Amino acid sequence: RPAWLLRDPPFDLPSNAQLLATSAIGVSLMISPHPSSPPLEMAAFGIRVVTNRFANKDLASFSPHIHSADQFSPEVIAGGIAREVAAWEERQMQHTSLMAVGHAFLAEGGFGEVAGQIAALQ
């Protein structure tokens, strides 16, 4: 079954890692062009993420696990969720692959490398 990620600080890292490891679909919406880490973390764990574009930020180019909706409306977001659920059922409820080890989000070098990739999405 899909797990919808709803997270309110504070949270502990082991619980968060368990949630990410056992989830298939996540929703993380942007209300400013400065994305937070949840959609990136979810994508790294192989979770299919539904988000939205905002101004010049489109996280879909950061990872193939991220789907950016063209518009920010309940109908469009619900459609994105429905597509991910259908794709998940089509995969016979199997997770997608983890993000490639060489991806900047998982590479050593800290957040600076990730921030550089996100900044390049403009």
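Quantities reported herein were computed from a predicted structural model and do not represent experimental measurements.

*Asks:* Break down the overall build of the protein chain for me, with residues and values.
*Replies:* Along its length, the protein chain carries 4 helices and 3 strands. Along the protein chain, from the amino end to the carboxyl end, the secondary structure elements read α-β-α-β-β-α-α. Burial statistics for the protein chain: of 122 residues in total, 36% are counted as buried. A separation threshold of at least 6 residues defines the contact pool for the protein chain, and within that pool the share at least 24 residues apart is 47%. Of the roughly 7,100 Å² of accessible surface on the protein chain, a fraction of 60% belongs to carbon and sulfur atoms.

*Asks:* Account for the environment of P39, with residues named and values stated.
*Replies:* Relative to the helices and strands, P39 is located in helix α2 (residues 38-44). Distance in space between the C-alpha atoms of P39 and T51 is 7.8 Å, their sequence separation being 12 residues. Apart from residues no more than four positions distant in its own chain, P39 is found in contact with S28, V49, L59 and I66.

*Asks:* Describe the nonpolar core, listing the residues and the values that go with them.
*Replies:* Listed in full, the 10 residues of the largest apolar core are L20, M30, L40, M42, A43, I47, V49, L59, F62 and I66. Here this core gets 3 residues from one element, more than from any other, and that element is α2.

*Asks:* Tell me about the pattern of salt bridges, residues and numbers included.
*Replies:* All chains considered together, the criterion is met by 3 salt bridges. Here R53 ties to D70 by a salt bridge, and the two come within 2.1 Å at their closest N and O atoms. Of this pair, R53 sits in the loop between β2 (48-52) and β3 (66-69) while D70 sits in the loop between β3 and α3 (74-90), and the two are 17 residues apart along the sequence. Residue class for D70 comes out exposed when judged on its relative accessible area of 64%. A network of salt bridges, in which partner residues are shared, links R53, D58 and D70.

*Asks:* Got a sec to walk through unusual backbone geometry? Specific residues and values, please.
*Replies:* Here the phi dihedral of A55 falls at roughly 50°; this positive angle occurs in a residue that is not glycine. Here A55 is to be found in the loop between β2 and β3. Residue class for A55 comes out exposed when judged on its relative accessible area of 72%.

*Asks:* Please set out the pairing of β2 residue by residue, giving values where relevant.
*Replies:* Counting buried positions along β2 yields 4 of 5 residues, so the element is predominantly enclosed. Pairing geometry for strand β1 (residues 25-27) and β2, over 3 bridges, is parallel. Residue pairing in the sheet places G26 in a bridge with V49 of β2. The sheet contact formed by β2 and β3 spans 4 bridges and is parallel. What sits directly across from V50, in β3, is H67.

*Asks:* I'd love a proper account of the sheet that holds β1, names of residues and values included.
*Replies:* Reading across from one edge, β1-β2-β3 is the order of the 3 strands in this open sheet, with parallel pairing throughout. Two strands lie at the open edges of the sheet, namely β1 and β3, each paired on one side alone. Pairwise comparison of adjacent strand axes, ignoring direction, gives a mean angle of 20° for this sheet. The sheet strands contacting α3 are β1, β2 and β3, and the helix crosses β2 at an angle near 165°.

The rules behind each value
What you see as residue numbers is a count from 1 along each chain, following the sequence as written. For a predicted model such as this one, the threshold for reporting local features is a pLDDT of at least 70, and the threshold for listing and counting side-chain atom pairs is 80 or more; totals across whole chains, interfaces and linings nevertheless cover every residue. To obtain the side-chain values, all non-hydrogen atoms of the structure were used and water was disregarded. Helix and strand labels come from DSSP, where a helix needs a run of H or I of at least four residues and a strand needs a run of E of at least two; each type is numbered from the N terminus. Accessibility here uses a 1.4 Å probe with only protein chains present; expressed as a share of the type maximum, an area under 20% marks a residue as buried, one over 50% as exposed, and anything in between as partly exposed. Two residues qualify as a contact provided that any one of their heavy atoms is within 4.5 Å of a heavy atom in the partner residue. Areas reported here follow the Shrake-Rupley algorithm with a probe of radius 1.4 Å; residue values treat only the protein chains shown as occluding. Only buried residues count toward a nonpolar core, which is a set of Ala, Val, Leu, Ile, Met, Phe, Trp, Tyr and Cys residues joined through side-chain atoms within 4.5 Å. For salt bridges, the criterion is a side-chain nitrogen of Lys or Arg within 4 Å of an Asp or Glu carboxyl oxygen. Strands were regarded as paired on the criterion that DSSP finds at least two bridges between them. Axis definition: a line fit to C-alpha positions, over the contact stretch in the case of helices; interaxial angles, taken between N-to-C directions, run 0 to 180 degrees.

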